[in-house]
Amino acid sequence: MEKIKKIFGGINLTWLKLIIFAIVAGVYTGVIALIPQALDTSFIDITTSFEVWILFGILIIMNSKSAKDSALKCFVFFLISQPLVYLVQDVITHDHLLITYYRHWVLWTVATLPMGFFGYFMKKDKWWGLVILTPILLFLGEHYATYLGKTIFSFPRHLLTTLFCFTTLILYPWVIFHDKKIQMAGIIISVLIILAMTALSLINLPVYSTDLISSGEKYDFDDTYKVYLTDNKYGTLRIRYEDALECYMVHAELKKAGKTSFILESPTGEKQEFEITIRRDSYDIQTK
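Asks: Looking at this model, I keep getting lost on the side chain of Gln 82. Mind explaining?
Replies: Tracing the backbone shows Gln 82 in helix α4 (residues 67–93). What Gln 82 contacts, discounting residues up to four positions off in sequence, is Trp 53, Tyr 102, Trp 105 and Thr 109.

Right, here's the structure in full:
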């Protein structure tokens, strides 16, 4: 346990170490984004959300020597690592991701200056340090709820990220503060966030709402047809009319990832069967 605490404040974080850290983090993230087997797993989550980057930021803050040092090191770390994520991908794909996507992260990079500066004062072991940490815990709690929902929908996918968010919510108050009262108050806040987000995730179970097929040149059906999944544990289907497209759609409310089939049945009893592979935010359909 003491070795863990030493990581959060006992490292001599020189500028050389920081730059190497930033390069490794950026290159790793860019490479993992290119691996097809990592898609829809915990390993790809570092490319799209903040939970691991929050850890990197807190490590830098806790191992900085002053508020100014913390602000500059946070800024430089993200200034190097974030463009590298896209540059690595551009070298392989030539998709110009740096130009297309990095502009969305520029403001976050600039924001690391004040966040690094004020975050440093958590090290003072005062009650207002917990006030600084609490918004970070709430933000991390939102990530926990998001990935818990994904895990419920497509277990065990994203389970590692869910556990990572859970663990770091408890970890941060424990390693940042040494005053037992502040430490315990922070852990209680984290536990309450975890309980609230878990309850919300279980009450509002994840549903993937989408349209599977439409009537037209390829398929011919209307609202006199029946449509249903062969295994209703995956969700429900219905036929609806889309005014904007002037066609009928097979609409799905999907509740679970996996592979199943659905049937489109005409009023005369003729059936057309489709095989569907369901993921959290996408699907594949093949006609049987």
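Asks: Got a minute to help me understand helix α3 (residues 51–62) in this structure?
Replies: Helical periodicity: at 3.6 residues per turn, an α-helix aligns residues three or four positions apart in one direction. The terminal C-alpha atoms of α3, which comprises twelve residues, lie 17 Å apart, in line with the 16 Å expected from a rise of 1.5 Å per residue. Burial of α3 is extensive: twelve of the twelve residues sit out of reach of the surface. Three or more residues of α3 are buried, namely Glu 51, Val 52, Trp 53, Ile 54, Leu 55, Phe 56, Gly 57, Ile 58, Leu 59, Ile 60, Ile 61 and Met 62.

Asks: What is the right way to look at the side chain of Asn 63 in this model?
Replies: Residue placement: Asn 63 occurs in the loop between α3 and α4. In this structure Asn 63 comes out as buried when scored by relative accessible area, which is 6%. Not counting the four nearest positions on each side in its chain, Asn 63 is found in contact with Lys 6, Ile 7, Phe 8, Gly 9, Gly 10, Ile 11 and Leu 13.

Asks: Got a minute to help me understand the packing of aromatic side chains in this structure?
Replies: One pair of aromatic rings is described through two measures. These are the centre distance and the angle between the planes. Applying the stated criterion across every chain, the model contains 21 aromatic pairs. Relative to Phe 78, the ring of Phe 77 has its centre 5.0 Å away and its plane inclined at 85 degrees; by these criteria the two rings are edge-to-face. Looking at Phe 77, the relative accessible area reads 0%, which means it is buried. Between Tyr 241 and Tyr 248, the aromatic rings sit 5.0 Å apart at their centres with planes inclined by 65 degrees, giving edge-to-face as the arrangement. Chaining the aromatic ring pairs together yields one cluster made of Phe 21, Trp 53, Phe 56, Phe 77 and Phe 78. Over the ring of Trp 15 we find Lys 73, and its NZ or CZ is 5.6 Å from the ring centre. One residue, Arg 280, lies across the ring of Phe 153, its end atom 5.0 Å from the ring centre.

Asks: Can you help me understand the nonpolar core in this one?
Replies: Within soluble globular proteins, side chains that are nonpolar generally end up buried alongside one another. Core analysis: the biggest nonpolar cluster contains 31 residues, and Phe 8, Ile 58, Leu 133, Tyr 144, Tyr 172 and Ile 176 have the highest contact counts within it. Breaking this core down by element, the ones donating at least two residues are α3, α7 (127–153), α8 (159–176) and α9 (180–203). Here this core takes seven residues from α7, the largest share from any one element. Beyond its immediate stretch of four places on either side in the chain, Ile 58 contacts Phe 8, Ile 136, Tyr 172 and Ile 176. Counting 20 residues, the second-largest nonpolar core is a separate cluster that includes Tyr 208, Leu 229, Ala 252 and Leu 264.

Asks: Could you clarify how one ought to interpret the sheet that holds strand β1 (residues 208–214) in this entry?
Replies: The strands making up a sheet are joined through hydrogen bonds of the backbone, oriented either antiparallel or parallel. Reading across from one edge, β1-β4-β3 is the order of the three strands in this open sheet, with antiparallel pairing throughout. Two strands close off the open sheet at either side, each with one partner strand: β1 and β3 (235–242). The mean angle between the axes of side-by-side strands here comes to 30 degrees, regardless of whether they run parallel or antiparallel. As paired elements, β3 and strand β4 (residues 247–254) share eight bridges and run antiparallel to each other.

Asks: Please explain the packing of α7 against α8 as it appears in this structure.
Replies: Relative placement of two packed helices is described by the angle separating their axes and the distance separating the axes. Contact geometry of α7 with α8 gives a least axis separation of 7 Å together with a crossing angle of 160 degrees. On the basis of their axis angle, the class for α7 and α8 is roughly antiparallel. Viewed along their axes, α7 and α8 form a crossing whose handedness is left-handed. Contact residues: α7 offers Leu 133, Leu 137, Leu 140, Gly 141, His 143, Tyr 144, Tyr 147, Leu 148 and Thr 151, while α8 offers Leu 159, Thr 161, Thr 162, Cys 165, Phe 166, Thr 168, Leu 169, Tyr 172, Pro 173 and Ile 176. A breakdown of the residues in the contact of α7 with α8 according to their chemical character gives 13 nonpolar, six polar and no charged.

Asks: In this structure, what is going on with α8? I would like to understand it.
Replies: Helix length check: α8 (18 residues) gives 26 Å between terminal C-alpha atoms against 26 Å at 1.5 Å per residue, within 8%. Most pronounced at Ile 170, the bend in α8 amounts to some 25 degrees, and the proline Pro 173 follows within four residues. When we look at burial in α8, the residues that qualify are Thr 161, Thr 162, Cys 165, Thr 168, Leu 169, Leu 171, Tyr 172, Pro 173, Val 175 and Ile 176.

Asks: Would you explain the environment of Ile 182 in this entry?
Replies: Looking at the secondary structure, you find Ile 182 in helix α9. Judged by its relative accessible area of 2%, Ile 182 falls in the buried class. Residues Ile 182 and Ile 136, 46 residues apart in the sequence, show an inter-C-alpha distance of 16 Å. If near-sequence neighbours (up to four positions away) are discounted, Ile 182 is found in contact with Asp 125, Lys 126, Trp 127, Leu 130 and Phe 177.

The rules we used
- Residues numbered from 1 in each chain as written.
- Predicted model: local features only at pLDDT ≥ 70, side-chain atom pairs only at ≥ 80, totals over all residues.
- Heavy atoms only, no water.
- Helix = DSSP H or I, 4+ residues; strand = E, 2+ residues; numbered from the N terminus.
- Contact = heavy atoms within 4.5 Å.
- Expected span 1.5 Å × (residues − 1).
- Buried < 20%, exposed > 50% of the residue type's maximum accessible area, 1.4 Å probe, protein only.
- Phe/Tyr/Trp six-rings, centres within 6.5 Å; stacked < 30°, edge-to-face > 60°.
- Lys NZ or Arg CZ within 6 Å of the ring centre and 35° of its normal.
- Core = buried A, V, L, I, M, F, W, Y, C linked by side-chain atoms within 4.5 Å.
- Pairing = 2+ DSSP bridges.
- Axes fitted to C-alpha atoms, helices over the stretch in contact; angles between N-to-C directions.
- Parallel < 35°, antiparallel > 145°, perpendicular 65-115°, else oblique.
- Left-handed = near helix turned anticlockwise from the far one by under 90°.
- Nonpolar A, V, L, I, M, F, W, Y, C, P; charged D, E, K, R; others polar.
- Bend = angle between axes of the 7 residues up to and from the residue.

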